[in-house]
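Spelled out, the chains give:
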Amino acid sequence: MDRSEQPMIRLQGVGKTYPDGTVAVQELDLDVPRGKTVCLVGPSGCGKSTTLRMVNRLIEPTSGTITLEGEDVTSTDPVALRRRIGYVIQQVGLFPHQSIRTNVATVPSLLGWEKKRSHERADELMSLVGLDPDQYADRYPHQLSGGQRQRVGVARALAADPPVLLMDEPFGAVDPVVRGRLQDEFARISRDLDKTVLFVTHDIDEAVRLGDKVAVFDVGGRLAQFDVPAKILGDPADDFVAEFVGASRGLRRLSVTPIERDDLEPLDDRPTQEQLDISCSLEDALAIMMRYDDGVVAVTEDDQPVGVLTPNGVHKALRRSVAAS
């Protein structure tokens, strides 16, 4: 297999059983594709965080193999391994007596980068996550809001340009409005940087919003289903997945249903409302359409109009989504 086609992270038969007999993860097979985001979701105690921590060996597996870019992580020095992997947790863990710039530059400094280069990289990443370095670089963690500290945590994880990010409920400790903004920012960064991300959450809405694929864990560390979000929502593998996803999964489907050119009607002289990009979801389109009586929006690609989305087009997109699942 060509290296570019190999999964960035592969877990084969991975299990974790504690000395008291508690099974945290059962015989887990999971491939994380290169450059994609895989969300691990499930109730408390289902093994999703344990799985994440086994990848960077904060927890050692009791069975199976885990490879990173084809290399068995259990044969790698754990400290060197962790410096190749960005790690973001809910309680950010910033150093309280160091400036934000110094916090972000932690790993480059450990890797021996020159101070000037480390600081330039820190400033670049603060800008990337929406924190103006002129305003925030010399502040200290206690001078930032919870959402700002989470942004610093993401910037710090990206500082040495690791190919892989592990994120353990990174936005769980902030209020819903800030959480939504952080999710949007993370989705933008993921697209721009082409990172491979393993993302743990207990929130199915967050999982389907951010994940290219979603792994649903059952209590006892069993992988119940692993698929693209539309499939998880439209065709749950068993009763547990159906119950976990919930009765509103039909509404959640809107957030993962794309608009395609076949859903559009030709451009004409009819009045249209706001424009939207063809890469947006059906949920985004409906949010615009519901604000206007005629419910028609122009759709663009690279700022060039390509068609008009009407309620009939919305129905067509939904029918296609249901048929595909």
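Small disclaimer: the values here were computed from a predicted structure and weren't measured. Think of each chain on its own: its residues are numbered from 1, step by step along the sequence as written. With the structure being a predicted model, the display of local features is reserved for residues of pLDDT at least 70 and the display and counting of side-chain atom pairs for 80 or more, all residues being used for whole-chain, interface and lining totals. Hydrogens are left out, water is left out, and the side-chain values use all remaining heavy atoms of the structure.

Asker: Help me out: how do you make sense of the overall build of the protein chain in this one?
Answerer: When helices and strands are tallied, the protein chain shows 14 helices and 13 strands. For the radius of gyration, the atoms used are the C-alpha atoms, and the globule rule reads 2.2 Å times the number of residues raised to 0.38. Relative to a compact globule of 325 residues, whose C-alpha radius of gyration would be 20 Å, the protein chain shows 22 Å and is just as compact. Overall, the C-alpha framework of the protein chain stretches about 65 × 50 × 40 Å when taken along its three principal axes. In this charge count, Lys and Arg are treated as positive and Asp and Glu as negative; neither His nor the chain ends contribute. For this purpose, a charge sits on NZ of Lys, CZ of Arg, CG of Asp or CD of Glu. Taken together, the 38 basic and 51 acidic charged side chains of the protein chain have centroids lying 4 Å from each other. A run of H or I in DSSP becomes a helix once it reaches four residues, and a run of E becomes a strand once it reaches two; helices and strands are each numbered from the N terminus.

Asker: Please clarify how helix α5 (residues 115-128) should be interpreted in this entry.
Answerer: In an α-helix, one full turn covers 3.6 residues, which means residues spaced three or four apart are oriented alike. Multiply 1.5 Å by the residue count of a helix minus one, and that product is the helix's expected span. Along its 14 residues, α5 runs 20 Å from first to last C-alpha, staying within 8% of the 20 Å computed at 1.5 Å per residue. Think of it in three bands: residues with accessible area under 20% of the maximum for their type are buried, residues over 50% are exposed, and the middle band is partly exposed, with areas taken using a 1.4 Å probe on protein chains only. Those residues of α5 not exposed but buried are Ser118, Arg121, Ala122, Leu125, Met126 and Leu128. What you see down the axis of α5 is that its buried residues fit within an arc of 150°, all on one side. Where α5 is buried, its residues contact α3 (100-104), α4 (106-110), α6 (133-136), α7 (146-158) and α8 (176-193). Where α5 terminates, the next one or two residues include Gly130, which has phi positive at roughly 90°. Note: the arc covers the axis-to-C-beta directions of the helix. Whether two residues touch is decided by their heavy atoms; if any such pair falls within 4.5 Å, the residues are in contact.

Asker: Teacher, can you tell me more about α7 here?
Answerer: Under the 1.5 Å per step criterion, the end-to-end length of α7 is 19 Å for 13 residues, consistent within 8% with the ideal 18 Å. Counting buried positions along α7 yields 11 of 13 residues, so the element is predominantly enclosed. For α7, every residue scored as buried is listed here: Gly147, Gln148, Gln150, Arg151, Val152, Gly153, Val154, Ala155, Arg156, Ala157 and Leu158.

Asker: Whenever I open this one, the nonpolar core confuses me. Can you help?
Answerer: Nonpolar side chains in soluble globular proteins generally cluster together in the buried interior. Residue types Ala, Val, Leu, Ile, Met, Phe, Trp, Tyr and Cys, when buried and joined through side-chain atoms within 4.5 Å, form a set referred to as a nonpolar core. Core analysis: the largest hydrophobic core is formed by 44 residues, its most contacted members being Val104, Met167 and Phe199. Sorting elements by how many residues they give to this core places α7 first, with 5 residues. The residues touching Val104, leaving out its near neighbours within four places in the chain, are Ala122, Leu125, Met126, Val152, Ala155, Arg156 and Ala159. Judged by nonpolar contacts, the second largest core, of 27 residues, contains Val73, Leu81, Ile85 and Val164.

Asker: Where do I start with the sheet that holds strand β6 (residues 85-89) in this structure?
Answerer: Strands pair in a sheet through their backbones, by hydrogen bonds, and they do so in one of two ways: parallel or antiparallel. Strands pair, by our definition, only if DSSP identifies at least two bridges between them. The mixed open sheet is built from 6 strands, whose spatial order is β6-β7-β8-β3-β9-β10. Two strands in the sheet have a free side with no partner beyond their single neighbour: β6 and β10 (222-227). This sheet shows a mean twist of 15° between the axes of neighbouring strands, independent of strand direction. In the sheet, strand β3 (residues 37-41) pairs with strand β9 (residues 213-218) via 4 bridges, with the strands oriented parallel. Its bridge partner lying in β9, Val38 is registered against Lys213. Comment: axis = line fitted to C-alpha atoms, over the contacting stretch for helices; angle = value between 0 and 180 degrees taken between N-to-C directions. Across the sheet, α7 is in contact with β6 and β7 (164-168); its angle to β6 comes to roughly 165°.

Asker: What's the story with empty space enclosed by the protein in this structure? I'm lost.
Answerer: Vacant regions in the atomic arrangement are exposed by a probe of water-molecule size rolled over the atoms. Here the term cavity refers to a set of points on a 1 Å grid, laid over the protein atoms alone, in which a 1.4 Å probe fits but cannot get out; the term pocket refers to an open set having protein on both sides within 12 Å along at least five of seven lines, with lining residues being those that place an atom within 4 Å of a point. Grid points are joined across faces, edges and corners, and a volume is the space filled by probe spheres set on the points. A full pass over the atoms with the stated rule returns 2 cavities of 30 Å³ or more. Lining the largest cavity, in full, are Val129, Arg151, Val154, Phe171, Leu182, Glu185, Phe186 and Ile189. Looking at the lining of the largest cavity element by element, the count peaks at 4 residues for α8. Under the scheme applied, nonpolar residues are Ala, Val, Leu, Ile, Met, Phe, Trp, Tyr, Cys and Pro; charged residues are Asp, Glu, Lys and Arg; polar residues are all the others, including Gly. Split by residue class, the lining of the largest cavity holds 6 nonpolar, no polar and 2 charged. Of the pockets and cavities examined, the second largest cavity occupies roughly 30 Å³. In this structure, the second largest cavity is lined by Tyr87, Val88, Ile89, Val92, Gly153 and Arg156. Only β6 and α7 provide two or more residues apiece to the lining of the second largest cavity. No other element matches β6, which puts 3 residues into the lining of the second largest cavity. Grouping the amino acids of the lining of the second largest cavity by side-chain chemistry returns 4 nonpolar, 1 polar and 1 charged.

Asker: I keep staring at the sheet that holds strand β5 (residues 71-72) and nothing clicks. Help me out?
Answerer: On the basis of which strands lie adjacent, the open sheet formed by 4 strands has the order β2-β1-β4-β5 and antiparallel pairing. The sheet terminates laterally at β2 (23-32) and β5, the two strands that pair on one side only. Of the strand pairs in this sheet, strand β1 (residues 9-17) and β2 are connected by 6 bridges, and their pairing is antiparallel. Bridged to Ile9 within β2 is Val32.

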